[in-house]
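# Remarks on the overall topology
Spelled out, the chains give:
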Amino acid sequence: MKNQIDVTAAIIVKDDRVFAARRKAGLHLAGFWEFPGGKLEEGETAEGCLSRELREELNINTRIGAYVGESLHDYGTKIVRLMAYQVEHVSGDFKLSDHDEMRWLAVDELESVEWAPADIPLVKEYQSIARTREYYANNAQAYCEETRGFQVAELYRPFLMEIPKNAHILDLGCGSGRDSKAFLDQGYNVTSVDGSPEIAACAEQFLGRPVDVATFQELAYCNTFDGVWASASLLHSPRSHFPEVLDRIMRGLKGGGVIYMSFKWGNTDSVDHWGRCFTNFTEYSLRESLEQVPDLDIVRLWTENKVLRGSEQQWVNVLVRKDGQLI
């Protein structure tokens, strides 16, 4: 049986460009480009390993950010599990030791070099994340104005029926602020959060109150909310992130609290013509994923068809409850 080696990789971004380095002659995978990083030592965390490797390989100090994803590749003599994180360069001048060239590549330039096989899936995953983020940054005002007019009030009823009248709601991925305003107008306490600074600024202006900027993986609430409203927001979280993101949401939810989520219906994930990535579910695949989560019960799972931008789309909706009693 082949050994599996756990290796970390850093996606270092500066001025919207991504760091890539070419393996030097004499080393395994010489001539291929890669995200820098290295093998985990016994007892080491992935984040700790990555910080150490970047100091040793590149002479830089870093701050390890969000998990991007992982790939599994069979190199013949060994299987490499490559785990990638977004990384911020804090200090130190780049000095190459295991590499003979480095480049800073724009997202659309990433495919201009020959990547090591294990890195290729991570390049594609990062491109999807970056292009989705770029779309909202460049189209924030137009997006908010359009979606603010969508009629979704019928979806509020099953969610609000499951929480107290004085409930504290987390509007996760609040977008235009449309749903936050609807809940506020009905007397609920609402915390609005969005991962796009540009979208959050639009929502803040509309609501006349602060909107927190945080990605799903930066959520750090604990036992705070009676309900979490995640309408058409988690669908942009890569599938590999879903377990961690759901765990973070659960930590912020009180016992007995309820989460509403909605996704586009689909057997496979997709990318639209704007470059936005979508994690899609069917009723079966969403139920299967949620049934793996401890302390979580499905209250209701249903599909519906909606006309959006002139065409009919099928959506999967779910209400789930965290075990315990609301206090």
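Preceding this paragraph is the structure being described.
So, a few notes on the structure that sits alongside this text. Since we're looking at a predicted model, the values are computed, not measured.

Glancing now at the packing of aromatic side chains. One pass over the structure, following the stated rule, counts 19 aromatic pairs. With centroids separated by 5.7 Å and ring planes inclined at 85 degrees, the aromatic side chains of Phe-94 and Trp-104 adopt a geometry described as edge-to-face. With Phe-94 in the loop between β6 (79-91) and β7 (99-106) and Trp-104 in strand β7, this residue pair connects regions lying 10 residues apart in the sequence. The partly exposed category is assigned to Trp-104, whose relative accessible area is 25%. Measuring from ring centre to ring centre gives 5.0 Å for Tyr-135 and Tyr-136, while their planes differ by 85 degrees; the resulting arrangement is edge-to-face. Grouping residues by exposure puts Tyr-135 and Tyr-136 together as buried. Counting every residue linked through ring pairs, the aromatic cluster contains Tyr-156, Phe-159, Phe-183, Trp-229, Tyr-260 and Trp-302. If you follow Arg-239 out to its NZ or CZ, it ends over the ring of Phe-281, 4.7 Å from the centre.

Another aspect to go through is helix α6 (residues 197-207). Of all the residues in α6, the buried ones are Ile-199, Ala-200, Cys-202, Ala-203 and Leu-207. All buried residues of α6 lie within an arc of 160 degrees about the axis, which places them on one face of the element. One or two steps after α6, the chain reaches Gly-208, where phi turns positive at roughly 70 degrees.

Let us look at unusual backbone geometry. Located in the positive-phi region is Asn-59, a residue other than glycine, with phi close to 65 degrees. If you trace the backbone, Asn-59 turns up in the loop between α1 (46-58) and β5 (61-74). With phi around 65 degrees, Asp-295 is a residue other than glycine that occupies positive phi space. In this fold, Asp-295 is placed in the loop between α8 (283-290) and β15 (296-308).

Cut-offs and rules
Residues numbered from 1 in each chain as written. Predicted model: local features only at pLDDT ≥ 70, side-chain atom pairs only at ≥ 80, totals over all residues. Heavy atoms only, no water. Phe/Tyr/Trp six-rings, centres within 6.5 Å; stacked < 30°, edge-to-face > 60°. Helix = DSSP H or I, 4+ residues; strand = E, 2+ residues; numbered from the N terminus. Buried < 20%, exposed > 50% of the residue type's maximum accessible area, 1.4 Å probe, protein only. Lys NZ or Arg CZ within 6 Å of the ring centre and 35° of its normal. Arc of directions from axis to C-beta.

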